[in-house]
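Breakdown of the fold
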Amino acid sequence: MIDLRSDTVTTPTDGMRQAMSRAEVGDDVYGEDPTINALEEEVAGLFGHEAAMFVPSGTMGNQICLRLLVPPGEELLCDSDAHVVTYELGAAAAHGGISTRTWLAAGGRLVVDDVRAMIRPAGYHTVATRAVAVENTHNRGGGTVQPIGTLRELRALADETGIDLHCDGARIWNASVATGTPLPDYGRLFDTLSVCLSKGLGAPVGSLVVTSAARLDRARDMRKRLGGGMRQAGVLAAAGRYALGHQLERIAEDHARAGRLAGLLEVDAAGVETNIVSFDVDDAATVADKALADGVAVSVVAPRRMRLVTHLGIGDADVERAGAVLGQLLS
Ligand SMILES: *Cc1c(COP(=O)(O)O)cnc(C)c1O
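None of the values given here were measured: they were computed from a predicted structure.

1. Examining the pairing of strand S2 (residues 51–55)
In terms of burial, S2 is a largely internal element, five of the five residues being buried. Burial of S2 is two-sided: the residues Ala 51, Met 53 and Val 55 facing one way and the residues Ala 52 and Phe 54 facing the other way are all buried. Summarising the sheet, S2 and strand S8 (residues 207–211) pair through five bridges and their orientation is antiparallel. Paired with Val 55 across the two strands is Ser 207, which belongs to S8.

Have a look at this one:
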């Protein structure tokens, strides 16, 4: 089976399993897991922030960040295809009482003037905008990278209007590798970031919340309240540390393979900026079913839209084979 559904389907490599088996562990609810502590310190440093906290999933990471920035009854802005409003089951409203308004972003690409037009101050009737969430890379947009210049413009707008910025950085690694933008350059523009170890990096579990030390104290309480306090979680953190040390630069290979796949399928290869190939077909479910019968699993993200994602488990031969199977179905 050539599984192109998502970069979440990877399994730990032998080297990663060895690192996990050797991990020094302790009770992380007591703050005593040395491997968790080392991972948190490492990731905070990577983004130029004071502190970081390990959480079981990117969804929990995003939701803790949103609640750090937006009080109940106040407002978050994000684009209408953002993971935080499409794939998190209304968590910001359910858990945080957060009101969300969205803008339309073609291809997931941020346009700062679209955001500027939506920010509203507190008033007797109006809901105050407290934060903006930006996804980088943008999943439903097709792995779109938000250019650093645009993000700097957004930071200037946030400073001018007194709102905070959250980055859903599940695939921030892909953005950094694709553009050569150093991680701290992204980090310093955001008040909170949530970054995933379990996508392109290939760890089995885990994400981190990255922010200031003061906010992180509140974040630890929120995580415990959500049931996200874990005990000897160092075995998981060891996988993340191994991924950062050995599987980060490798992401460039996923991007090259996604480009090759787009070429084989004759879809707009210039639109493939990272490891996601998205394109329109008449009937995505039928194409996906037929591809599966031929040993190629793909995602249907809308009735007429399919998504293919390259990752650690996909080699050059897999790309050629998937390209041949899908090419035939599409022609
Ligand atoms: C995968 C993903 C997340 C987090 O997903 P979990 O399955 O909760 O870890 C968050 N944002 C984006 C854009 C994602 O693709």
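2. Digging into helix H2 (residues 34–46)
Under the 1.5 Å per step criterion, the end-to-end length of H2 is 18 Å for 13 residues, consistent within 8% with the ideal 18 Å. Along H2, the residues that are buried comprise Thr 35, Ile 36, Leu 39, Glu 40, Val 43 and Ala 44. Seen along its axis, H2 keeps its buried residues to an arc of 165 degrees; they face one direction. In this structure, the buried residues of H2 make contact with S2, strand S7 (192–196), S8, helix H10 (213–225) and helix H11 (234–246). The opening residue of H2, the one whose side-chain oxygen lies 3.0 Å from the backbone nitrogen of Thr 35, is Asp 33. At the C-terminal side of H2, Gly 48 shows a positive phi close to 70 degrees.

Parameters and conventions
- Residues numbered from 1 in each chain as written.
- Predicted model: local features only at pLDDT ≥ 70, side-chain atom pairs only at ≥ 80, totals over all residues.
- Heavy atoms only, no water.
- Buried < 20%, exposed > 50% of the residue type's maximum accessible area, 1.4 Å probe, protein only.
- Helix = DSSP H or I, 4+ residues; strand = E, 2+ residues; numbered from the N terminus.
- Pairing = 2+ DSSP bridges.
- Expected span 1.5 Å × (residues − 1).
- Arc of directions from axis to C-beta.
- Contact = heavy atoms within 4.5 Å.
- Polar contact = N/O pair within 3.5 Å; in protein donor to acceptor, adjacent residues only side chain to side chain.

Scope: geometric values only; no functional claims are made or implied.
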